[in-house]
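Given next are the chains, with one letter for each unit.
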Amino acid sequence: VQLQASGGGLVQAGGSLRLSCAASGLTFSNYVMAWFRQAPGKERVFVAAIRWSGSVTYNPDSVKGRFTISRDNAKNTVNLQMNSLKPEDTAVYYCAAAERFKRLEYSDHATYDYWGQGTQVTVSS
């Protein structure tokens, strides 16, 4: 299984970025997909998750209406559109996959079976 994240970079505060994660080696429809982020010296924090049906769960403390998660089931990809970025959004962003046929705690990183390598997002003030 591979989760390949891309789209990170350096952006000014107020700007936007779109992260993508391409999944391979798994049956995409069987997995909940999610994004986490980890700032330097801090724990990995849940950002958002999306189910096969398209229903979503967000961490309101992290997102507050600025981020949108989506998935393209035909292309086995999950995206995170990030708008109105702030310096505190600076982190490495990870995509993750959890098999849906089990009890899921979306915000718990231990729920997830597979992780991507991460993509750096840096927001300058």
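Predicted model, so just to flag it, every value in this text is computed and none were measured.

A few words on unusual backbone geometry. Phi angles above zero are rare outside glycine, and Asn76 is one such case at about 55°. In the Ramachandran plot, Ser84 falls in the positive-phi region, its phi being about 50° despite a non-glycine side chain. Mapped onto the secondary structure, Ser84 falls in the loop between strand 8 (77-82) and strand 9 (91-99).

This part is about the sheet that holds strand 3 (residues 17-24). On the basis of which strands lie adjacent, the open sheet formed by four strands has the order 1-3-8-7 and antiparallel pairing. A single partner strand is all that each edge strand has here, and the edge strands are strand 1 (2-6) and strand 7 (67-72). Taking the axes of each pair of neighbouring strands and ignoring which way they run, one obtains an average angle of 15° across the sheet. Sheet topology places strand 1 next to strand 3; five bridges connect them, and they run antiparallel. Its bridge partner lying in strand 3, Ala5 is registered against Cys21.

As a further point, take the environment of Ser20. On the secondary structure map, Ser20 appears in strand 3. The partly exposed category is assigned to Ser20, whose relative accessible area is 23%. Counting along the chain gives 17 residues from Ser20 to Leu3, while the straight-line C-alpha distance between them is 9.9 Å. Residues within four places of Ser20 in sequence aside, it is in contact with Gln4, Ala5, Ser6, Trp35, Val78 and Asn79. Engagement of the side chain of Ser20 in a polar contact is seen with the side chain of Asn79, the distance being 2.8 Å.

The next point concerns the side chain of Asn59. Considering the arrangement of structural elements, one finds Asn59 in the loop between strand 6 (56-58) and strand 7. At a separation of 2.9 Å, a polar atom in the side chain of Asn59 contacts the main-chain carbonyl oxygen of Phe46. Leave out the neighbours within four places in its chain, and Asn59 touches Val45, Phe46, Val47 and Lys64.

Take the pattern of salt bridges next. Scanning the entire structure with this criterion turns up three salt bridges. Across the pair Arg37 and Asp89 runs a salt bridge, and its minimum N-O distance is 2.9 Å. Residue Arg37 is located in strand 4 (residues 31-38), and its partner Asp89 is located in the loop between strand 8 and strand 9; the two are separated by 52 residues in the primary sequence. Both residues of the pair, Arg37 and Asp89, belong to the buried class. Notably, a salt bridge pairs Asp89 with Arg66, separated by 2.7 Å at the nearest N-O pair.

What follows covers the pairing of strand 5 (residues 45-50). For strand 5, the tally of buried residues reaches five of six residues, placing the bulk of the element in the interior. In terms of strand pairing, strand 4 meets strand 5 through five bridges, oriented antiparallel. Paired with Phe36 across the bridge in strand 5 is Phe46. Hairpin connection of strand 4 to strand 5: six residues between the antiparallel strands, including Gly41 at a positive phi of 75°. Pairing analysis gives three bridges linking strand 5 to strand 6, with the strands arranged antiparallel.

Procedures and definitions
Each chain has its residues counted from 1, running along the sequence as written. Local features in a predicted model are, by the rule used here, given only for residues with pLDDT of at least 70; side-chain atom pairs are given and counted only at 80 or more, and totals for whole chains, interfaces and linings are based on all residues. Values reported for side chains reflect all heavy atoms of the structure, with hydrogen atoms and water molecules removed beforehand. By definition, any uninterrupted DSSP run of H or I lasting at least four residues is a helix, any uninterrupted run of E lasting at least two residues is a strand, and each is numbered from the N terminus. Two strands make a pair as long as DSSP finds a minimum of two bridges between them. For helices, the fitted line uses only the C-alpha atoms of the stretch in contact; every axis is such a line through C-alpha atoms, and the angle between N-to-C directions lies from 0 to 180 degrees. A 1.4 Å probe rolled over the protein chains alone gives each residue an accessible area, and that area as a share of the maximum for its type sets the label: buried under 20%, exposed over 50%, partly exposed in between. Residues count as neighbours in contact if any of their non-hydrogen atoms are within 4.5 Å of one another. N or O atoms within 3.5 Å of each other form a polar contact, as long as, within protein, one can give a hydrogen and the other can take it, and as long as residues adjacent in sequence are counted only when both atoms are side-chain atoms. Counted as salt bridges are all cases of a side-chain nitrogen of Lys or Arg within 4 Å of a carboxyl oxygen of Asp or Glu.

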